[in-house]
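Now for the letters of each chain:
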Amino acid sequence: RDKLKTGQIPVTPPPTSPAVQHPLWPEVDRVVKQQVTMAKMGIGECGTGWQLFAEDGEMKMYRREEEVDGMVVDPLKAVHVVKGITGHEVCNYFFNPKYRYDWETTLEHMTVLETISDDTMVFLQTHKRIWPASQRDVVFWSHMRKLPNGQDRDGPDMWTVVNNSTESSEHPANAGKCVRIYLTVCLLCQTRVHPPKDGTPISRDNVSCKITYCSVVNPGGWAPASVLRAVYKREYPKFLKRFTAYVVNQTKNQPILF
Ligand code: 18C
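Enquirer: Is there a simple way to think about the overall build of the protein in this case?
Expert: Helix and strand counts for the protein come out as four helices and 12 strands. A compact globule built from 258 residues would reach a C-alpha radius of gyration of about 18 Å, and the protein, at 19 Å, matches this within 12%. In terms of overall dimensions, the protein has a C-alpha envelope of 60 × 45 × 40 Å along the principal axes. Across the 258 residues in the protein, those meeting the buried criterion constitute 49%. Contacts spanning at least 24 positions in sequence make up 61% of the contacts within the protein whose residues lie at least 6 apart. Accessible surface, the protein as shown: approximately 13700 Å² in total, 52% of it carbon and sulfur. Seen as two clouds, the 32 positive and the 28 negative side-chain charges of the protein have centres 2 Å apart.

Enquirer: Mind showing me how you'd approach the layout of surface pockets here?
Expert: To find the voids left in a structure, one rolls a probe of water-molecule size over its atoms. For the largest pocket, the calculated volume is near 910 Å³. Every residue lining the largest pocket is counted, 37 residues in all, and those nearest its centre are T106, H127, I181, V217 and V231. Contributing elements (two or more residues each) for the lining of the largest pocket: α3 (100-103), β7 (120-127), β8 (136-147), β11 (182-193), β12 (207-218) and α4 (225-251). By residue number, the principal contributor to the lining of the largest pocket is α4, which donates nine residues. For the lining of the largest pocket, the residue count by class is 22 nonpolar, seven polar and eight charged.

Enquirer: Whenever I open this one, the packing of aromatic side chains confuses me. Can you help?
Expert: What describes a pair of aromatic rings is the distance from one ring centre to the other and the angle between the planes of the rings. Counting across every chain of the model gives 13 aromatic pairs. With 4.4 Å between their ring centres and 45° between their planes, Y93 and Y99 make a pair best called tilted. By the burial criterion, Y93 is buried, and Y99 matches it. Three or more aromatic residues joined by ring pairs form one cluster here, namely F94, W103, Y213, Y232, Y236, F239 and F243. Here the basic side chain of R63 rests over the ring of F53, its NZ or CZ set 5.3 Å away from the ring centre.

Enquirer: Any chance you could explain the side chain of N163 here in plain terms?
Expert: Take N163: it is sitting in strand β9 (residues 158-165). The exposure class assigned to N163 is buried, which follows from its relative accessible area of 8%. A distance of 2.6 Å separates the side chain of N163 from the side chain of S142, its partner in a polar contact. Discounting chain neighbours no more than four positions away, the residues touching N163 are F94, F140, W141, S142, L183, T184 and V185.

Conventions adopted
- Residues numbered from 1 in each chain as written.
- Predicted model: local features only at pLDDT ≥ 70, side-chain atom pairs only at ≥ 80, totals over all residues.
- Heavy atoms only, no water.
- Helix = DSSP H or I, 4+ residues; strand = E, 2+ residues; numbered from the N terminus.
- Rg over C-alpha atoms; globule rule 2.2 N^0.38 Å.
- Buried < 20%, exposed > 50% of the residue type's maximum accessible area, 1.4 Å probe, protein only.
- Contact = heavy atoms within 4.5 Å.
- Areas by Shrake-Rupley, 256 points an atom, 1.4 Å probe, with all protein chains shown as cover.
- Lys, Arg positive; Asp, Glu negative; His and termini not counted.
- Charge placed at Lys NZ, Arg CZ, Asp CG, Glu CD.
- 1 Å grid on protein atoms, 1.4 Å probe; cavity = no way out; pocket = protein on both sides within 12 Å on 5 of 7 lines; lining within 4 Å.
- Points joined across faces, edges and corners; volume = space filled by probe spheres on them.
- Nonpolar A, V, L, I, M, F, W, Y, C, P; charged D, E, K, R; others polar.
- Phe/Tyr/Trp six-rings, centres within 6.5 Å; stacked < 30°, edge-to-face > 60°.
- Lys NZ or Arg CZ within 6 Å of the ring centre and 35° of its normal.
- Polar contact = N/O pair within 3.5 Å; in protein donor to acceptor, adjacent residues only side chain to side chain.

Right, dumping it as structure tokens:
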């Protein structure tokens, strides 16, 4: 736990999840804090070399070209503002495995390897093969967390989901037909409320969600850089548009979950 002096406000709330008992917890807590800090930074604050590669309405996607041992590992940072949904709702649909096949178009198969707690799980996923490359799989922990609203302490909380690669002794990397990929993903969501001036109750017309999605994927084995960058360029905008449209559609007749 963060040691706080009297009157200090914690950067992230104290961990109250039962996951604190688990051996993965120190890593989960450290990576979540680090990813949230980076996701909160504007594109101008997190180094140079970011290029805008996709834009559609409020959605903007930036990437920085990076290679490790000749493999493309371009970091991605996307921002989007979507009307009618809250950060809590967006994170629920991203985190909860029961919705994953509905929106994740590159997915072939998903297994929950471990449920550490309601807000922390370990997943094994296989993804669709891109010819002529080998099929990819990934093992990652996923953690969902509520964060205090830094700017307006009376405003709605922020929510995040962080996914980070981990190991599984039952599912070692590169043992079968798949090449293991390694990823770190952070989805950070901030709800904005624009109260109606006439005092009528808040409806979905009065809420919007600022979404920041950051991702680094190491393809795990050689893949042609030009093909990989073309896949990024096509798949990331497709994912963010499809996923957010899915959340809007799923929630439109539901009570608002702040
Ligand atoms: O964050 C997202 N999803 C989460 C829940 O599933 C989670 C998982 C992310 C897995 C991302 C990696 C997927 C690899 C897929 C291979 C490409 C399939 C394309 C199929 C086309 C028919 O965090 C949302 C993720 C949005 C995914 C965007 C695509 C990223 C591409 C990464 C390429 C990885 C190397 C593939 C090697 C192919 C070589 C040519």
